[in-house]
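Here is what each chain is made of, one letter per residue.
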Amino acid sequence: MKKHSLVDIQNLLQEKVVEDRSKNSRLEEIKAEIKSLNLDNISTFFGRKEINELPNILAHNEKIDNIIQGTYNKGQGILVSTNRRLIFIDKGLLYGLKVEDFPLDKISSILYETGLIFGTVKIHTTGNIATIENVEKSSARKFAEFVRDKSSRPKDPATQIKPEPSILDQLEKLGKLKENGILTDLEFSEQKKKLLEKL
């Protein structure tokens, strides 16, 4: 077993303090985001254990735009909508943390059903239907309509990922660059070899 020097231990403790401050700062940002959403049941979210897990789950530039509470796969948790995905988070007492995400581009449709008091949100993805039950009735409708509206908007061209050209297309472009005198024979041969290795 390796012995740690006092300096090593101090450095580890200092890193832990910096990491904890960063997480607390991110948690405060997330809570401010949720508060700014002006949701009906906003006060009930802040007591949830799942909110405290969000700094560990969300990417740095990921923003929350809606949130509901419900039951999924027998676990009580929250369904969070972000600018990138839907995420169901369940922080149980005995079994720990369960997280399932649904990328927005994989969602084919989202439906809701309402009963007397509670509603259900159904997320349809390729080959899967996730059913979030026991959602407050008006929240189920608002959340589903919000996600449906967000999914139907035209994608921002700046955020769309363009597919990489095929190797044959790249070879064709290399040939044109050589023809136009932009690439030397040696540069052309090197680039061609790299592309052919990918086949």
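Our structure's up above, just so we're on the same page.
Residues numbered from 1 in each chain as written. Predicted model: local features only at pLDDT ≥ 70, side-chain atom pairs only at ≥ 80, totals over all residues. Heavy atoms only, no water.

Trainee: Kindly report on the packing of aromatic side chains, identifying the contributing residues and their values.
Mentor: One pass over the full model with this rule turns up two aromatic pairs. Both rings, one in Y72 and one in F88, keep their centres 5.3 Å apart while their planes meet at 65°; by these two values the pair is edge-to-face. Of this pair, Y72 sits in strand β1 (residues 64-72) while F88 sits in strand β3 (residues 85-91), and the two are 16 residues apart along the sequence. The buried category is assigned to F88, whose relative accessible area is 2%. Relative to F102, the ring of Y72 has its centre 6.3 Å away and its plane inclined at 70°; by these criteria the two rings are edge-to-face. Of this pair, Y72 sits in strand β1 while F102 is found in strand β4 (residues 97-103), placing the two residues 30 residues apart along the sequence. (Phe/Tyr/Trp six-rings, centres within 6.5 Å; stacked < 30°, edge-to-face > 60°. Helix = DSSP H or I, 4+ residues; strand = E, 2+ residues; numbered from the N terminus. Buried < 20%, exposed > 50% of the residue type's maximum accessible area, 1.4 Å probe, protein only.)

Trainee: Any details on the pairing of β1? Residues and values, ideally.
Mentor: Here β1 lies mainly inside the structure; eight of its nine residues are buried. Note: β1 against strand β2 (residues 75-82), eight bridges, orientation antiparallel. Paired with I68 across the two strands is L79, which belongs to β2. The hairpin turn running from β1 into β2, its antiparallel successor, is two residues long, and N73 in that turn takes a positive phi close to 50°. (Pairing = 2+ DSSP bridges.)

Trainee: Give me the lowdown on the pattern of salt bridges, citing residues and values where you can.
Mentor: The tally for this structure, following the rule as stated, stands at 11 salt bridges. A salt bridge links R26 to E33; the shortest N-O distance between them is 3.8 Å. Of the two residues, R26 and E33, neither departs from the other in class, the shared state being buried. Across the salt bridge formed by E113 and K122, the nearest N and O atoms sit 3.4 Å from each other. Residue classification places E113 among the partly exposed positions, given a relative accessible area of 45%. With a relative accessible area of 25%, K122 lands in the partly exposed category. One network of salt bridges, in which partners are shared, links R26, E29, E33 and K63. (Salt bridge = Lys/Arg side-chain N within 4 Å of Asp/Glu carboxyl O.)

Trainee: Please give an account of the side chain of T120 that cites residues and values.
Mentor: Positionally, T120 belongs in strand β6 (residues 118-125). Here T120 falls in the buried class, since its relative accessible area comes to 16%. What T120 contacts, discounting residues up to four positions off in sequence, is L111, Y112, E113, T131, I132, E133 and A140. (Contact = heavy atoms within 4.5 Å.)

Trainee: Account for the nonpolar core, with residues named and values stated.
Mentor: If you look at the biggest cluster of nonpolar residues, it comprises 18 residues, and the most contacted ones within it are L79, L86, I110, I123 and I132. Elements that contribute at least two residues to this core include exactly β1, β3, β5 (107-114), β6, β7 (128-136) and α4 (137-152). Top element by residues in this core is α4. It accounts for four residues. Discounting residues that sit within four places of it in the chain, L79 has contacts with N66, I67, I68, L86, I87, F88, I123, I132 and F143. With 13 residues, the next largest nonpolar core counts I30, L54, L58 and I67 among its residues. (Core = buried A, V, L, I, M, F, W, Y, C linked by side-chain atoms within 4.5 Å.)

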